[in-house]
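Each chain, written out:
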Amino acid sequence: MKISNEQKELLVFLAIISLIIGAFLTFYFGIAGLKVFIGIIMMSLPFCILLNAFEIAEGEKFILSLVLGITLFPSLAYLLGFFISFRMAIGVVFVLLTGTSITLNYYKSVKNHQS
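Let me sum up the structure you'll find in this document. (Residues numbered from 1 in each chain as written. Predicted model: local features only at pLDDT ≥ 70, side-chain atom pairs only at ≥ 80, totals over all residues. Heavy atoms only, no water.)

**Some remarks on the overall build of the chain**
A count of helical and extended segments in the chain gives four helices and zero strands. Listing the helices and strands of the chain from first to last along the sequence gives α-α-α-α. In terms of principal-axis extent, the alpha carbons of the chain reach across some 50 × 40 × 15 Å. Sorting the 115 residues of the chain into buried and exposed places 18% on the buried side. Just so you have it, the chain exposes about 8,600 Å², and 74% of that area is on carbon and sulfur atoms. The average position of the 7 basic charges and that of the 5 acidic charges among the side chains of the chain differ by 13 Å. (Helix = DSSP H or I, 4+ residues; strand = E, 2+ residues; numbered from the N terminus. Buried < 20%, exposed > 50% of the residue type's maximum accessible area, 1.4 Å probe, protein only. Areas by Shrake-Rupley, 256 points an atom, 1.4 Å probe, with all protein chains shown as cover. Lys, Arg positive; Asp, Glu negative; His and termini not counted. Charge placed at Lys NZ, Arg CZ, Asp CG, Glu CD.)

Structure below.
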């Protein structure tokens, strides 16, 4: 996969912004702030992988994955939490969403190579 200069610049920019936000949250809120920041990133990760299957800009993928991660991930974990323990529900939802995203990307790439 080739990465264009624009994508490289965006990735460097996002990494720098993430480091600044992480340092700020750690400085003001301690480890709890850093845990929240890492949690938001982890909730957004499956949706970021999922959106890679579609032809949209990197910035749009980033923002849309944050929004989906903040809204859908907790909702699915909450609903599953009625049937199993809540901590276990978080892990199950993360594994299912990530597995679904990776599977979709795999089948999309196989389909593109066949045509």
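Past the structure itself, the notes keep going.
**Side note on the nonpolar core**
Counting six residues, the largest nonpolar core is built from M43, F47, F73, A77, V93 and L97. Those elements that place two or more of their residues in this core are helix 2 (31-51), helix 3 (58-80) and helix 4 (86-114). Not counting residues within four places of it along the chain, the set of residues in contact with F47 comprises S65, L68, G69, L72, F73 and L97. (Core = buried A, V, L, I, M, F, W, Y, C linked by side-chain atoms within 4.5 Å. Contact = heavy atoms within 4.5 Å.)

**A short note on helix 4**
Between its first and last C-alpha atoms helix 4 spans 42 Å; for 29 residues at 1.5 Å apiece the expected length is 42 Å, and the two agree. Contacts from the buried residues of helix 4 go to helix 2 and helix 3. (Expected span 1.5 Å × (residues − 1).)

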